[in-house]
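Each chain, written out:
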Amino acid sequence: MTDDELIWRIAGGSGDGIDSTSQNFAKALMRSGLNVFTHRHYPSRIRGGHTYVEIRASSEEVTSRGDGYNFLVALGDSFARNPKENAYYGEEEVKPLAENLDELREGGVIVYDSGLLDTDEIENFDRRVEENDWHVYDVDLRGIAKEHGREIMRNTAGVGVTAALTGLDTTYIEDLMGEAMGGDILEANLNVLHDAFEHVQEEYDADAHDVTVPTGEHDEEQVLVSGSHGIAYGALDEGCRFIAGYPMTPWTDVFTILTNLMPEVGGISEQVEDEIAAAALAVGASHAGVKAMSGSSGGGFSLMSEPLGLAEMTETPLVLVESMRAGPSTGMPTKPEQADLEHVLYTSQGDSHRVVFAPSDPVECYEQTRTAFQIAYDYQIPVMVIYDQKLSGEHRNVPKSTFDEEPNPDLGSVLTEEELKDQPHGETGIYHRFQHEGEDGVSPRSIPGQKGGRYLATGNEHTPEGHISESPSNRKAQVDRRNEKLAAIREALDADERQEVYGDESADYGVISWGSQSGTVEEAVERLNADGHPVKGLSVSEMAPFPTDLLTEFIESVDDVLVVEMSSTAQFHGVIQKNLGQYGEKLSSLLKYDGNPFEPAEIVEAVEEHGSGEELSSNTRFEAAAGSD
């Protein structure tokens, strides 16, 4: 956290252009030399319903949303479901202003559209403004927009007001508009931007508050991306040329990005009738010799259990993405949660095996997706990339050079026709695709159509040729060989040493996180150490095979460990307990499952109050370690 930062929130209704406006404003701040981090909150509706996007901008690195925010642009909800008083869902039109006041910092700025909103409809508004020293600017954003174009352009007017009040050079915004539109639409938007900017400078004291845009400078060109972009780019660079899926929030982000990019690389994207078909098509494409992937969210991923098991038994390489959301069932489709971990680790029947990655940021999404394909095709095993709505929708700047890596079309452990000549075959010429012995448990595969590579693939247990078999000796040999893969994969991952401890290395208190919460925990650890509380942290992103050595070393180095995760059942805590039960008395949990991600202050408070018995002020839950008082 830094005092020199802008945390800007624009709020309105779904359909009011909140997302596109915030994307452009974040890019403008990034191009001005700042580091940015966005957070998106939206309802499960196409039109109407309170939605907002928050942008945190600083000259320093930002890895998380902040604690509250300091600048609000409230447009109102122009698609309010029911404007009547005492409606079941409340007065939706004013929610973009009324429901965003609790998190606004003291001394913050409020800009609201007086063409739509009336503060007299908000209880105790004037009193709260005075108590918190908020600076309020009532600007007829709707009127300015309608004067030059259409009402929807009031979001552009809001950006113009923001620039005037914070000292942002509008050149960055104008350039982005020019890249996105042209003709009369561009001219109208520029007029709205300039009119709003000039109106504030002429009618208000723009210097009455202390919220300004920081100044910064980047060492190299930056791009604004989400975790979904990282996964999509990693898949393409690793040679993925087939994706099948069915739209489901928030998995749809990855699916849409790849669908748009596949034609540029000669690939294929198929939207099918359901998730069973999607995963089955990906298995078939991979079997035929193409790097393939599929994915879904929540209940959609549940349907993929059967084709996932088929891929495991036939040893067909496969990469699946599971984008978590609050459940069970439909749950809260647009809200983040980390409660699908056990589902992904254990779905499919029998002693099934898979590799699971849980990246923490867009860069790790890119890197681990590439690793996922490498492992899937080298070891002939399904690999899952699990992330959540938070990481799917939040954007941050990263160096453009991050994605300047060499592509890798290699299909892994596939034999050439020349190599197949030296491999064992049955009397009828069928290749022994599933040999009882193989290096690291891998029996090399052939591709349909290769001379000498013909074999049978079945979901039943099978002989080396692929014939169905219930022989006890064959069963044991095949299971033992498949089991060998996990130990070899874990050894290879440990050799890379990608997961590092941060914070005070000599600290006796440790915090463990996984997936999307890692950046928030990292900031909390930094604050705690700065305030004289020695703490170290570990972000885990390799979920299976379980990183025994890494976690053992970390837990043994401290007296107490806090496991931070977004679930009510402490699933990752449970996974650690299952594998390292001897350390149960050290492990406590901090849980959050209200549909909102953690803020750094919530973790700081939990660490500071650990063992005190005091109830936490935030909407989180602390679970003490087993055997503690």
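To start, this report covers the structure provided alongside it. (Residues numbered from 1 in each chain as written. Predicted model: local features only at pLDDT ≥ 70, side-chain atom pairs only at ≥ 80, totals over all residues. Heavy atoms only, no water.)

The strands making up a sheet associate through backbone hydrogen bonding, with each pair oriented either parallel or antiparallel. Ordered in space as S9-S8-S10-S11-S13-S12-S18, the seven strands form an open sheet in which the pairing is mixed. The open sheet has two edge strands with one neighbour each: strand S9 (268-271) and strand S18 (542-544). Going across the sheet, the axis of each strand differs from the next one's by a mean of 20 degrees, ignoring polarity. With three bridges connecting them, strand S12 (residues 355-357) and strand S13 (residues 382-388) associate as parallel partners. The residue bridging Val356 from the neighbouring strand is Met384, located in S13. Taken strand by strand, helix H10 (residues 275-287) contacts strand S8 (242-245), S9, strand S10 (292-296) and strand S11 (318-324), and its axis lies near 165 degrees from that of S10. (Pairing = 2+ DSSP bridges. Helix = DSSP H or I, 4+ residues; strand = E, 2+ residues; numbered from the N terminus. Axes fitted to C-alpha atoms, helices over the stretch in contact; angles between N-to-C directions. Contact = heavy atoms within 4.5 Å.)

A few words now on helix H5 (residues 154-166). Taking 1.5 Å as the rise per residue, H5 with 13 residues should run 18 Å; its terminal C-alpha atoms sit 18 Å apart, in good agreement. Among the 13 residues in H5, 13 count as buried, and that is most of the element. At the exit of H5 stands Gly167, carrying a positive phi of roughly 85 degrees. (Expected span 1.5 Å × (residues − 1). Buried < 20%, exposed > 50% of the residue type's maximum accessible area, 1.4 Å probe, protein only.)

Let us now look at the layout of surface pockets. Empty space within the largest pocket amounts to approximately 650 Å³. As for the largest pocket, its lining consists of 25 residues, and the residues nearest its centre are Glu61, Ser360, Asp361, Glu364 and Glu522. Secondary structure elements with two or more residues in the lining of the largest pocket: strand S2 (35-41), helix H14 (362-379), strand S14 (395-399), strand S15 (501-503) and helix H18 (518-530). Of the residues contributing to the lining of the largest pocket, the split by class is seven nonpolar, 10 polar and eight charged. (1 Å grid on protein atoms, 1.4 Å probe; cavity = no way out; pocket = protein on both sides within 12 Å on 5 of 7 lines; lining within 4 Å. Points joined across faces, edges and corners; volume = space filled by probe spheres on them. Nonpolar A, V, L, I, M, F, W, Y, C, P; charged D, E, K, R; others polar.)

Let us now look at the pairing of S11. Burial analysis of S11 places seven of its seven residues in the buried class, which makes it a mostly covered element. Burial along S11 is two-sided: the face carrying Leu318, Leu320, Glu322 and Met324 and the face carrying Val319, Val321 and Ser323 are both buried. The pairing of S11 with S13 spans seven bridges and is classified as parallel. Along S13, the bridge assignment pairs Leu320 with Met384.

Cis geometry is adopted by the peptide bond preceding Pro328, which originates at Gly327 and carries an omega value of 0 degrees. Following the sequence through the fold, Pro328 ends up in the loop between S11 and helix H13 (341-346). Residue Pro545 is bonded to the preceding Ala544 through a cis peptide linkage, with omega at 0 degrees. With respect to the helices and strands, Pro545 occurs in the loop between S18 and helix H19 (548-556). In this structure, Glu315 is a non-glycine residue whose phi angle is positive, near 55 degrees. Positionally, Glu315 belongs in the loop between helix H12 (305-314) and S11. Positive phi values are uncommon outside glycine, yet Ala570 reaches one of about 50 degrees. Relative to the elements of secondary structure, Ala570 occurs in the loop between strand S19 (560-565) and helix H20 (571-579). A relative accessible area of 13% places Ala570 in the buried class.

Looking now at the pattern of salt bridges. All told, the structure shown has 36 salt bridges when counted by the stated rule. For Arg9, the salt bridge is made with Glu103, and the minimal N-O distance between the two is 3.2 Å. With Arg9 in strand S1 (residues 5-13) and Glu103 in the loop between helix H2 (95-98) and strand S5 (104-113), this residue pair connects regions lying 94 residues apart in the sequence. Classification of Glu103 by relative accessible area gives partly exposed; the value is 29%. (Salt bridge = Lys/Arg side-chain N within 4 Å of Asp/Glu carboxyl O.)

Turning our attention to a negative patch on the surface. Taken together, Glu91, Asp118, Asp120, Glu121, Asp126 and Glu130 make up a surface patch of like negative charges. By secondary structure assignment, the location of Glu130 is in helix H3 (residues 125-132). With a relative accessible area of 68%, Glu130 lands in the exposed category. (Patch = residues over 30% accessible without salt bridge, like charges linked within 9 Å, V, L, I, M, F, W, Y side chains within 5 Å. Areas by Shrake-Rupley, 256 points an atom, 1.4 Å probe, with all protein chains shown as cover. Lys, Arg positive; Asp, Glu negative; His and termini not counted. Charge placed at Lys NZ, Arg CZ, Asp CG, Glu CD.)

Right, let's get into the side chain of Glu565. Secondary-structure assignment places Glu565 in strand S19. For the buried Glu565, which has no salt bridge, the nearest side chain bearing the opposite charge is Arg621, at an N-O separation of 9.2 Å. Within polar-contact distance, the side chain of Glu565 engages the backbone nitrogen of Gln571 at 3.3 Å. Apart from the residues lying within four places of it in its own chain, the contact partners of Glu565 are Gln338, Trp514, Ala570, Gln571, Phe572, His573, Leu590, Leu591, Lys592 and Phe598. (Polar contact = N/O pair within 3.5 Å; in protein donor to acceptor, adjacent residues only side chain to side chain.)

Turning our attention to the environment of Gly107. Here Gly107 shows up in strand S5. Expressed as a C-alpha distance, the spacing of Gly107 and His209, which sit 102 residues apart in the sequence, is 7.0 Å. Discounting residues that sit within four places of it in the chain, Gly107 has contacts with Asn132, Asp133, Trp134, His135 and Val211.

Counted according to the given criterion, the structure contains eight aromatic pairs. Aromatic pair Tyr233 and Phe403: ring centres 5.2 Å apart, planes at 80 degrees, arrangement edge-to-face. Separated by 170 residues along the polypeptide, Tyr233 in helix H8 (residues 227-237) and Phe403 in the loop between S14 and helix H16 (417-420) bring together distant segments of the chain. The partly exposed category is assigned to Tyr233, whose relative accessible area is 26%. Take Phe403: its relative accessible area is 16%, and that puts it in the buried class. (Phe/Tyr/Trp six-rings, centres within 6.5 Å; stacked < 30°, edge-to-face > 60°.)

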